[in-house]
Amino acid sequence: AGIGGMRFAFEEWGGACTLTSEIDEHARATYAAQKWTREHPNHQYIHDANELAELSEKAIPRFDVLVAGFPCQPYSIAGLRQGLHDEKGRGQVFLSMLEILQKKKPKAFLLENVKGLQSHDDGKTLEYMVQELEKCGYQVLEPTVLNSMTHGGVPQNRERLFIVGFHKRKVGKVESVKAGEKSSGVSSKVFMWPNEKKMKTTLIDVLDKDGVPEKYFYTAEKYECYKEIKEVATKPGVAYQW
């Protein structure tokens, strides 16, 4: 669940969250600070998705859509890229999601991961994932990369891969239409990927400007690299990662 981004989006359109799973305690602390904790005090939490998958079919509440940002570290170009064989067991979460889909057979799912999943093991990992999702009875639409900067109006260049699927028996055939395209009329059910939207918020708009402690600033006294940073970091409204 992370800190609840997908829940925010689905509830904005009338959805109701039935169960939350997030193993990281810091993410859970942020998640718990949201208004839904007060509004739904009896909401069900199971921290480990692998433990959730081990429950019986009846023990998992009914739901229509599975949304998940399963661990990205095994596939990110910033990590070791061990994939499903990740030594910390994070690759197991995808297999647990398959278990849940097989038990509950929800109408649809929306999965999110890093862009690097596309190229992991020369594309074999993603191909395997799609095949396994299809075995669970789903029509899997073409995995698509969206950028929070171009599609979410967020001032961060954050590319993420989205995988969407619909249960063939419960939903039927769904036609996937990209932004700017028209439906071919092959199916009466159409899933439309979002159009790009103009970004109205900049980094400057969301940064604290007053009373920021000195420890958060690079200074010539504290850092030998200050001269290099000053030469490179010249554009206002841009965050530089040193």
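To keep things clear, this report deals only with the structure shown in the data block. (Residues numbered from 1 in each chain as written. Predicted model: local features only at pLDDT ≥ 70, side-chain atom pairs only at ≥ 80, totals over all residues. Heavy atoms only, no water.)

Concerning the overall build of the chain
Then step 1. Secondary structure summary: the chain contains nine helices and nine strands in total.
Then step 2. When the backbone C-alpha atoms are referred to their principal axes, the chain occupies close to 65 × 45 × 40 Å.
Then step 3. Taken over 242 residues, the chain has a buried fraction of 34%.
Then step 4. Long-range contacts, defined here as pairs at least 24 residues apart, represent 65% of the contacts in the chain between residues at least 6 apart.
Then step 5. Taken as a whole, the chain presents about 15,900 Å² of accessible surface, with 52% of it coming from carbon and sulfur.
Then step 6. Averaging the positions of the 34 positive and the 33 negative side-chain charges in the chain gives two centres separated by 6 Å. (Helix = DSSP H or I, 4+ residues; strand = E, 2+ residues; numbered from the N terminus. Buried < 20%, exposed > 50% of the residue type's maximum accessible area, 1.4 Å probe, protein only. Contact = heavy atoms within 4.5 Å. Areas by Shrake-Rupley, 256 points an atom, 1.4 Å probe, with all protein chains shown as cover. Lys, Arg positive; Asp, Glu negative; His and termini not counted. Charge placed at Lys NZ, Arg CZ, Asp CG, Glu CD.)

Digging into the pattern of salt bridges
Oppositely charged side chains can form a pair if their charged atoms are brought close together.
Then step 1. Going through the model one piece at a time under the given rule, you end up with eight salt bridges.
Then step 2. Between E57 and K104 there is a salt bridge, with the nearest N and O atoms lying 3.1 Å from each other. In this pair, E57 is assigned in the loop between α4 (49–53) and β3 (65–68) and K104 in helix α5 (residues 92–104), connecting sequence segments 47 residues apart.
Then step 3. K104 sits in the buried class, given a relative accessible area of 13%. (Salt bridge = Lys/Arg side-chain N within 4 Å of Asp/Glu carboxyl O.)

Observations regarding a positive patch on the surface
Then step 1. Among the surface-exposed residues, K105, K107, R169 and K170 lie close enough to one another that they form a single positively charged patch.
Then step 2. Given a relative accessible area of 62%, R169 falls into the exposed group. (Patch = residues over 30% accessible without salt bridge, like charges linked within 9 Å, V, L, I, M, F, W, Y side chains within 5 Å.)

Focus on the packing of aromatic side chains
Then step 1. For the coordinates displayed, the defined rule picks out eight aromatic pairs.
Then step 2. Where F8 meets W36, the ring centres are 4.5 Å apart and the plane angle is 45°; that geometry is what we call tilted. Taken together, the positions of F8 in helix α1 (residues 5–12) and W36 in helix α3 (residues 35–39) put the pair 28 residues apart, joining distant regions of the chain.
Then step 3. Note on Y31 and W36: the rings are 4.8 Å apart at their centroids and 45° apart in plane angle, and the pair reads as tilted. Taken individually, Y31 and W36 each receive the classification buried, so the pair is uniform in this respect. (Phe/Tyr/Trp six-rings, centres within 6.5 Å; stacked < 30°, edge-to-face > 60°.)

Digging into the nonpolar core
Then step 1. One finds F70, F109, L111, L133 and I163 to be the most contacted residues of the largest nonpolar core, which totals 28 residues.
Then step 2. For this core, the elements supplying multiple residues, two or more each, are α4, β3, α5, β4 (108–114), α6 (124–135), β5 (138–140) and β7 (159–167).
Then step 3. Element by element, the count of residues in this core is highest for α5, at six residues.
Then step 4. Among residues more than four places away in sequence, those in contact with L133 are F94, L98, L101, F109, L111, Y138, V140 and I163.
Then step 5. The next biggest cluster of nonpolar side chains, apart from the first, holds ten residues, and it includes L146, F162, V164 and V171. (Core = buried A, V, L, I, M, F, W, Y, C linked by side-chain atoms within 4.5 Å.)

Remarks on the environment of G165
Then step 1. Its location among the elements puts G165 in strand β7.
Then step 2. Under the relative-accessibility criterion, G165 is labelled buried at 0%.
Then step 3. Not counting residues within four places of it along the chain, the set of residues in contact with G165 comprises K107, A108, F109, Y138, Q139 and V140.

What to know about the environment of V171
Then step 1. Structurally, V171 can be placed in the loop between β7 and β8 (174–177).
Then step 2. Overall, the relative accessible area of 16% leaves V171 in the buried class.
Then step 3. Ignoring any residue separated from it by four or fewer positions in sequence, one finds V171 in contact with K107, F166 and K189.

Some points on a nonpolar patch on the surface
Then step 1. On the surface, Y218, Y223, V232, V238, Y240 and W242 cluster together into a nonpolar patch covering about 610 Å² of accessible area.
Then step 2. Residue position: Y218 is located in the loop between α8 (203–206) and α9 (226–232).
Then step 3. Looking at Y218, the relative accessible area reads 43%, which means it is partly exposed.

Focus on the side chain of E112
Then step 1. Within the secondary structure, E112 is located in strand β4.
Then step 2. Separated by 3.3 Å, the side chains of E112 and R160 make a polar contact.
Then step 3. Discounting chain neighbours no more than four positions away, the residues touching E112 are M6, A68, G69, F70, R160, L161 and F162. (Polar contact = N/O pair within 3.5 Å; in protein donor to acceptor, adjacent residues only side chain to side chain.)

A closer look at unusual backbone geometry
Then step 1. Of note, the phi angle at K105 is positive, near 50°, even though the residue is not glycine.
Then step 2. Residue K105 is classed as partly exposed on the basis of its relative accessible area, which comes to 31%.
Then step 3. Despite not being glycine, D122 shows a phi value in the positive range, around 55°.
Then step 4. Relative to the helices and strands, D122 is located in the loop between β4 and α6.

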